[in-house]
Amino acid sequence: MTSLLDASSRVAFAALLHDLGKFAERAAPEVSIERLDAHLTNYCQWNEKGGRRFPTRKHAAHTALFLEKVERAAPDLIQADVSPFASRQDSGDITDSLINAAAMHHVPETLLQWIIATADRVASGFEREDFETYNNDAGETFIGRNHYQARLWTLFEQVRLQENAQRPAAAADFKWRHPLKPLTPENLFPVKRDACEPNQNEPAQKEYRALWDGFFDALEKIPASHRSQWPLWLDHLDTLWQIYTHAIPSSTFGRNKPEISLYDHSKATAAFAAALWRWHIAEGPAEDDAIRRHKERADWDTEKFLLVQGDFFGIQDFIFSEGAETNKDAAKLLRGRSFQVSLFAELAALKVLEVLELPSTSQIINAAGKFLIVAPNTPDARQKLADTRRELNDWFLRETFGLAGIGLAVKPASCNDFLAGRFDGLMNALFADLDRAKLNRFDLTGGAPKVFDADYPRGICQYNNRWPADKLESENKASARLSRDQIEIGKALAHRDRLLIIREDADRRAGGITVLETPVFDYRIGFTADEEITGRLGELARSGQLRRCWDFSPPERLTDTLWHGYARRYINARVPRFSGEDEQTVGKYREAEADIEVNAPKTFNHLACEDRSLEKTEDGKEKWIGQIALATLKGDVDNLGAIFRRGLEKMSFAKMASLSRQMNAFFAVWLPAFCNEKYPNTYTVFAGGDDFFLIGPWRGTQKLAADMADRFKAFVAENPEIHFSAGFSITKPGHPIHALAEQAEYALERAKGYEASGAKEKNAVCLYGEVVPWAEWREIARLEREIDGLARDYALSAGYIYGLLSLIDQAVDKTNPESAMWRSRFAYRTCRYVVDKLRDKAARPTALARLADTFGERGIAARGGKFRIPLFNFFYSKRG
C-alpha cells in the first residue's frame, strides 16, 4: 500500500500508546531517578501550591521512558521511513519525534503533538474548562483509592432507563469493579469491589507489574516478518493492547470516575488522531495558525471527521436460504453462511480502511455485522467512499443477487460534536443516517438494476434456489461458487484457526492453506491452522500481499487468555465435535443413521439424540429413551437502543465504544467458551453484538438459556434494567432451516411482548408457546425435577400426568363457567390414583400432599399455562 497508509499507522501508533505511561507508572518497573527527573521536566505540567513546585500527569514522562521498549518489537523506527515524525538518525531537530508526539499530550508544542493532544481531549469528551481543571489537578480523587489501587468501574452498573431514576453518584454507590487481569472469558465479568480493589499500594502494584510483564512477553509473539508492514503489525498490537489494558482505568484523578478502560480511551484517541492528521495535511491551515487554533479550540466546530457506519442487511434471508440439498448439508451451510456474514462485514470495513489509507485502529466498533470508522472529512475521502459504496453494491448484486448487502452511512462531525452537551445529538443523527441507508439499499432509486440479466445454463444452485448454478458437481447436482465456499468454510471451521486476507493477485501456492473460490472486494480468503504454515507466509507479509492475519479460534476454557500472536476477530466458529466419551454411548445415535468419528463435527441428527438417556426395561435390559429433537434458541438484549441513547448520564464516544465492545464480548467471547466447557453440543449459528442464535439438543439448550440469563445478570452488575429475551422452537431434525428461524423469531417476539401489570416487561423466554419471565424460570425447572421425582416415587402413569394438560386448559380459560372446577376434578383424579396404586395406606397422605402441592398449588394454580413446560419436558424425556 502507499506510504500514506504507513504514515497514518505511525500516527495512530503514537496516539494508541500515548498513555502507556499510566500502565508503566502503576506497574513501577525499574528506572533510573536521573532519567525520570529529566523526563518529568520535559513532559509534565508543573504547578505551584503552598510555595512548592511539582509536576502533574507524571504518566506522560513514563510514556516517553518506556515507549522505546515497545518500539523494539515494532516495525523499524530508526533506519526506515518514520514520517511524519522526525528521524532520530538525523542530526537536526528531533522535537517532532514519535516519542515526543506521544508523550507531550499534556504540554504540546508542535502541530503533531497538538493533534494527539486534541485527539486525547476529544476522546475524553472534555470541555475546555474541565480539561484545564484535570490537567492542573494535584492528584486528589473522590473515589477513595489512589491510581495504584483504583480498579475499573463497570458502565453497566450506571445504566438507567426509567425517567427520574436515581443514578449512583457517590463513590460508595458503585459496588462493582473489573479485576485487573488479562482478557479472558471469565475476566470479562465484574466482581464486588471488596473482592478485587486493594486498599494498599504494594498488592495493587504487584497486580499491575504482573500485567506489565505479561504484556511485554506477549509482544514478542507477533511474527517478526509481520513487522515489515505497519498496518498488519498494528492490527496485531491493537488486539494485544486490548487483552492487557481492557481492565485498566484510563483516569483516576479529580472528579473523574474510573469508568473508561485504558484500551477504549486509547483506541478512540488513535482513531481521532489519524483522522485529524490526515485532515490537516489535506485541508488544514499553515502550521503556526493550526497550532493556535488547536490551543484556543478556535476550529472545534469545523467538521474535520467523517463517521462511516456499515451494516450488513439481509442476514436472515442470507443465512436461512433454501435449496434441494440444503437439509443434507444443513450444519456445514449454517456454519459457512454465519461465518460469511461476519467475514463480509469485516472485509467491507477493511476495504473502506484501505481505500481511505487508514489503519485498523480507525475502526472503533466491530460487532454483529456492524462497524464504525473514523475518517478525515476531505473531498478525496468523500469521493472514495461514494465509489466504495458503489463497488460494494455491485459485488453483492453480482454475487448474491441482492439477497444481502452492506449499507454505508457517512456523517460529518466536529470536535465539539463529541463533547457531552452535543454528543447525544450526534448519536441520534448516526442512528437516523443508518436507518436511511437501510432503506436505500443498492441505490435502487438510482442506477442499480431493477431486474437481473441472469442466465441458468446449469440450472439453479442446489443449496440456494435463488441463485443460478455455475458448476455441475455431479449429473444431478449443480451449485453457485458462493455456496461452495459456504460448504468449504463449514469444513474449515472444524480444523482451522486462522484467517488470511490476501490480495486477489497474490501468490497463493503455499501448502496447507484452504483458499476460497470467490474473491471478496478484491481480497482472497484463506484458512490455516498450523503455526509452521502460518509462519511460512513471511514473504507474503513482507511483500504486502498479506493484508491481514486473524485468529478466530474460540477459547476452549473460560480461563484462556485470548492471545496467540495475531490480531483476533470474534467470528462465529463454534462447532460441536465427537469425543471419546461419545464413543462409549454410541447407542443413543442409532437413529441418526450416521457413523461417528472422534473430533469430527456432529450433524444436527446427532445433536438431536444428545438428551437421550438409558433406562432399564422390565426384563432387566437397557434401552435409550427420550425425544430425538433439536432446540433452536434466538434472543437479544432488550431496549438496546435506549441503553445507548439515554442509559448513561453523560455519554461519550469512548463510552459508546466501550459499551458496544463489552456487550459484544458476552455473546462473542464468553458464550463460545462457556459452551465449550459446559454445553459442548451447541452450535452458535451467530452470537455477537446484542443477539444470539443457537441450535442444540432440546433439553440441554433450555438449561443453557437459563444459565445465560443468570450469567448475563452478573455480567451487567445485577442491574435490573439490562436483560435479554429469548424464544425457543423445538423440532425434529430435518426440519427446513428457514422454518427453524421463523419459529424461533416468532417465539422471541412473543417473549418481547410479555405483559405483566399491563406493561410490556420483556426479560422473558417463550417455550412451547408459553411466555415465562426469567425470574420464574428457576421455579419452572424446579417443578420439572419434582415431576421426575414424583413419577419415580409413585410410578405415575403417563395417562395421569397427561390428564393434567386438560385441567390446565380448563384453569386458564376464564371465559368458561366451569373453569374453577379444575380443582375438584384434580382432587378426585389424584385421590383415586393414589388409592388405586398405593397399597401402603400409611404412605397415601404423604403422596396426596406432595402431588397436591407440586401439581395443584405450585403447578396449575400458581403457574397456569406455564406449567405445561415441565409437563411437556417430562413427556419428551420418557419417549422411547
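That block above? That's the structure.
Residues numbered from 1 in each chain as written. Predicted model: local features only at pLDDT ≥ 70, side-chain atom pairs only at ≥ 80, totals over all residues. Heavy atoms only, no water.

Draft legend 1. Summary view of the overall build of the protein. In terms of regular secondary structure, the protein is built from 30 helices and 25 strands. Computed over the C-alpha atoms, the radius of gyration of the protein is 30 Å, within 12% of the 29 Å expected from 2.2 N^0.38 for a compact globule of 880 residues. Dimensions along the principal axes, computed over C-alpha positions, put the protein at roughly 100 × 75 × 50 Å. Relative to its full complement of 880 residues, the protein shows a buried share of 61%. With the model as given, the accessible surface of the protein reaches about 35100 Å², and the carbon-plus-sulfur share is 46%. Mean positive and mean negative side-chain charge positions of the protein (118 and 125 charges, respectively) differ by 5 Å. (Helix = DSSP H or I, 4+ residues; strand = E, 2+ residues; numbered from the N terminus. Rg over C-alpha atoms; globule rule 2.2 N^0.38 Å. Buried < 20%, exposed > 50% of the residue type's maximum accessible area, 1.4 Å probe, protein only. Areas by Shrake-Rupley, 256 points an atom, 1.4 Å probe, with all protein chains shown as cover. Lys, Arg positive; Asp, Glu negative; His and termini not counted. Charge placed at Lys NZ, Arg CZ, Asp CG, Glu CD.)

Draft legend 2. View of the nonpolar core. Counting 150 residues, the largest nonpolar core has F13, L237, F272, F418, F653, F692 and F712 as its most contacted members. Per-element accounting of this core gives the leading share, 15 residues, to helix α23 (residues 653-678). For F653, the contacting residues outside a window of four places in its chain are A268, F272, I364, L372, V374, F418 and F423. If you look at the next biggest cluster of nonpolar residues, it comprises 80 residues, including V308, L347, L499 and F604. (Core = buried A, V, L, I, M, F, W, Y, C linked by side-chain atoms within 4.5 Å. Contact = heavy atoms within 4.5 Å.)

Draft legend 3. Structural detail: the pairing of strand β16 (residues 613-616). Bridge count between β16 and strand β17 (residues 622-625): four bridges; the pairing is antiparallel. What sits directly across from E615, in β17, is K623. Counted between consecutive antiparallel strands, the loop separating β16 from β17 contains five residues, among which G620 sits at a positive phi close to 90°. (Pairing = 2+ DSSP bridges.)

Draft legend 4. Spatial organisation of the pattern of salt bridges. Under the definition given, this model contains 57 salt bridges. R151 is paired through a salt bridge with E207; the nearest N and O atoms lie 2.9 Å apart. Of this pair, R151 sits in the loop between α7 (128-136) and β3 (176-177) while E207 sits in helix α9 (residues 201-219); the two residues are 56 residues apart in sequence, bridging distant segments of the chain. Residue classification places E207 among the partly exposed residues on the basis of a relative accessible area of 32%. Taken together, the shared-partner salt bridges in this structure form one network comprising E779, R782, E786, D853 and R858. (Salt bridge = Lys/Arg side-chain N within 4 Å of Asp/Glu carboxyl O.)

Draft legend 5. Up close: the sheet that holds strand β7 (residues 370-376). Spatial ordering of the open sheet is given by β6-β7-β5-β8, a layout of four strands whose pairing is antiparallel. The open sheet has two edge strands, β6 (363-367) and β8 (405-413), and neither has a second partner. Taking each pair of neighbouring strands and ignoring which way they run, the sheet shows an average axis angle of 15°. Note that strand β5 (residues 305-313) and β8 share nine bridges and pair antiparallel. Bridging across to β8, G310 finds its partner in L408. Sheet strands in contact with helix α11 (residues 262-283) are β5, β6 and β7, and its direction is about 40° off that of β7. Running over the sheet, helix α16 (residues 420-439) touches β5 and β8 and is turned about 145° from β8. (Axes fitted to C-alpha atoms, helices over the stretch in contact; angles between N-to-C directions.)

Draft legend 6. Representation of helix α10 (residues 230-245) in the model. The end-to-end C-alpha distance of α10, which contains 16 residues, comes to 21 Å, matching closely the 22 Å that a straight helix rising 1.5 Å per residue would cover. Burial analysis of α10 places 16 of its 16 residues in the buried class, the great majority of the element. (Expected span 1.5 Å × (residues − 1).)

Draft legend 7. Seen up close, the sheet that holds strand β18 (residues 630-637). Ordered in space as β19-β20-β18-β21-β24-β25, the six strands form an open sheet in which the pairing is mixed. Each edge of the open sheet carries a strand with a single partner, namely β19 (683-688) and β25 (770-773). In this sheet, neighbouring strand axes are inclined to one another by 15° on average, regardless of whether the strands run parallel or antiparallel. Here strand β24 (residues 764-767) runs beside β25; their pairing, made up of four bridges, is antiparallel. Considered in β25, the bridge of A764 is made with P773.

Draft legend 8. Up close: the packing of aromatic side chains. Within the structure shown, the criterion is met by 63 aromatic pairs. One Lys or Arg, K69, reaches over the ring of F216 and ends 4.4 Å from the middle of that ring. Just above the ring of F431 sits the side chain of R645; from NZ or CZ to the centre is 5.4 Å. (Phe/Tyr/Trp six-rings, centres within 6.5 Å; stacked < 30°, edge-to-face > 60°. Lys NZ or Arg CZ within 6 Å of the ring centre and 35° of its normal.)

Draft legend 9. Region of interest: the side chain of H105. Note on placement: H105 falls in the loop between α5 (98-103) and α6 (111-124). Excluding residues within four positions of it along the chain, H105 makes contact with H18, D19, H59, A60, I116, A117, D120 and R121.

Draft legend 10. Looking closely at the environment of P733. Tracing the backbone through its elements, the reader meets P733 in the loop between β21 (724-731) and α25 (737-752). Along the primary structure P733 and L392 are separated by 341 residues, whereas in three dimensions their C-alpha atoms are 37 Å apart. P733 has contacts with F604, N605, A608, I628, A629 and L630, leaving out every residue within four places of it along the chain.

Draft legend 11. Geometry of the pairing of strand β20 (residues 691-697). Extensive coverage of β20 is indicated by the burial of seven of its seven residues. Relative to β20, β18 runs antiparallel, the two sharing seven bridges. By the bridge assignment, K634 is partnered in β20 with F693. Both β19 and β20 contribute to a ladder of five bridges, which runs antiparallel. Residue pairing across strands places Y683 opposite I695, the latter belonging to β20. Counting the residues that bridge the hairpin from β19 to β20 gives two residues, and of these G689 lies at a positive phi of roughly 65°.

Draft legend 12. Structural context of the environment of R792. Looking at where R792 falls in the secondary structure, it is placed in helix α26 (residues 774-794). R792 gets classed as exposed once you look at its relative accessible area, which sits at 62%. Once the C-alpha coordinates of R792 and L540 are considered, the two residues, 252 residues apart in sequence, prove to be 65 Å apart.

Draft legend 13. View of the environment of L152. Positionally, L152 belongs in the loop between α7 and β3. Through-space distance from the C-alpha of L152 to that of S250 is 8.4 Å; in sequence the pair is 98 residues apart. When residues no more than four places from it in sequence are discounted, the contact partners of L152 are W176, R177, H178, H246, A247, I248, P249, P258, E259, I260 and S261.

Functional significance is not addressed by these values, which are geometric in nature.
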